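Observations on the model geometry
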Amino acid sequence: MKTEGWGEFESVEVFDLPFQNVSAPFVIDGNWAIVGTPSWLEQGITHHENNQFAGENVEAQIYGGELVLDTVVDLSMEEGEQAQYRIDAHLRNAKLERWAADQGQSGQLSGEVFGDVWLAGAGPTRQAIQGAGRIQVMPAALYELPVMVQLFAVANPGQTDR
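In what follows, the accompanying structure is described. (Residues numbered from 1 in each chain as written. Predicted model: local features only at pLDDT ≥ 70, side-chain atom pairs only at ≥ 80, totals over all residues. Heavy atoms only, no water.)

Regarding the layout of surface pockets
As a volume, the second largest pocket reaches approximately 160 Å³. Lining of the second largest pocket is provided by ten residues; of these, Trp32, Trp40, Val72, Asp74 and Gln84 occupy positions nearest its centre. When contributions to the lining of the second largest pocket are tallied by element, the ones reaching two or more residues are β5 (65-74) and β6 (84-95). (1 Å grid on protein atoms, 1.4 Å probe; cavity = no way out; pocket = protein on both sides within 12 Å on 5 of 7 lines; lining within 4 Å. Points joined across faces, edges and corners; volume = space filled by probe spheres on them. Helix = DSSP H or I, 4+ residues; strand = E, 2+ residues; numbered from the N terminus.)

Here it is, written out as structure tokens:
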């Protein structure tokens, strides 16, 4: 079975993060669910000519910046196994002060946030996730360490008290 399409959303909230102007192509082909256009797939993705987002990544705006990502989920599980997934995401030009205001920390942080993350795992728990990433704030005005701990908690929700 193969199906494809695209989605466009004015606003979406995921893990308490407010995304705007979200657009994404998707393909479900057999046991594979592909959202965006992952460059790491060995075989390319073939979209129907009428798919207006063919060849595009998932794109969304957040805190005045842009998030671009691609994801693949392998649903071909044997009994007792869990679905495997991979996500590549890139954040550009997000305004740290807008995030801080959303967290009730107005005036304490400012700068533009750039970041990249790669995640892969299996199943619904955080224990099965592996990945790497980086975050850069330029020019950075970081006045309170506890607020920075909250910022990094978004990337690592398992440890927020250190």
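Structural notes on the packing of aromatic side chains
Applying the stated criterion across every chain yields a total of zero aromatic pairs. The ring of Trp40 has Arg86 lying over it, and the distance from NZ or CZ to the ring centre is 4.0 Å. (Phe/Tyr/Trp six-rings, centres within 6.5 Å; stacked < 30°, edge-to-face > 60°. Lys NZ or Arg CZ within 6 Å of the ring centre and 35° of its normal.)

Things to note about the side chain of Ser23
Note that Ser23 resides in strand β2 (residues 17-29). In this structure Ser23 touches Gly7, Glu8, Phe53, Asn57, Val58 and Glu59, once residues within four positions along its chain are discounted. (Contact = heavy atoms within 4.5 Å.)

With respect to the pattern of salt bridges
One pass over the full model with this rule turns up four salt bridges. Measuring nitrogen to oxygen at the nearest pair gives 3.2 Å for the salt bridge that ties Asp88 to Arg86. Close ionic contact of Asp116 with Arg92 constitutes a salt bridge, the shortest N to O distance being 3.0 Å. You can see Asp116 sitting in strand β7 (residues 109-122) and its partner Arg92 sitting in strand β6, a full 24 residues away along the chain. What makes Arg92 partly exposed here is its relative accessible area of 30%. Because the salt bridges share partners, they merge into one network encompassing Arg92, Asp116 and Arg134. (Salt bridge = Lys/Arg side-chain N within 4 Å of Asp/Glu carboxyl O. Buried < 20%, exposed > 50% of the residue type's maximum accessible area, 1.4 Å probe, protein only.)

Concerning the nonpolar core
Phe19, Ile62, Tyr63, Leu67, Leu96 and Trp99 are the most contacted members of the largest nonpolar core, which has 18 residues in total. Counting only elements with at least two residues in this core, the list comes to β2, β4 (58-62), β5, β6, α1 (96-102) and β7. It is β2 that contributes the most residues to this core, four residues altogether. (Core = buried A, V, L, I, M, F, W, Y, C linked by side-chain atoms within 4.5 Å.)

Side note on the pairing of β2
Sheet analysis places strand β1 (residues 2-14) next to β2, joined by twelve bridges and oriented antiparallel. Bridge pairing in β2 links Trp6 to Pro25. The hairpin formed by β1 and β2 contains two residues between the paired strands, and Phe15 there has a positive phi angle of roughly 50°. Looking at chain direction, β2 and β4 are connected through two bridges and run antiparallel. By the bridge assignment for β4, Ser23 is matched with Glu59. Examined bridge by bridge, β2 and strand β3 (residues 32-35) share four bridges and lie antiparallel to one another. When the sheet's bridge partners are listed, Val27 is paired in β3 with Ile34. Hairpin connection from β2 to β3: two residues lie between these consecutive antiparallel strands, with Gly30 at a positive phi of about 65°. (Pairing = 2+ DSSP bridges.)

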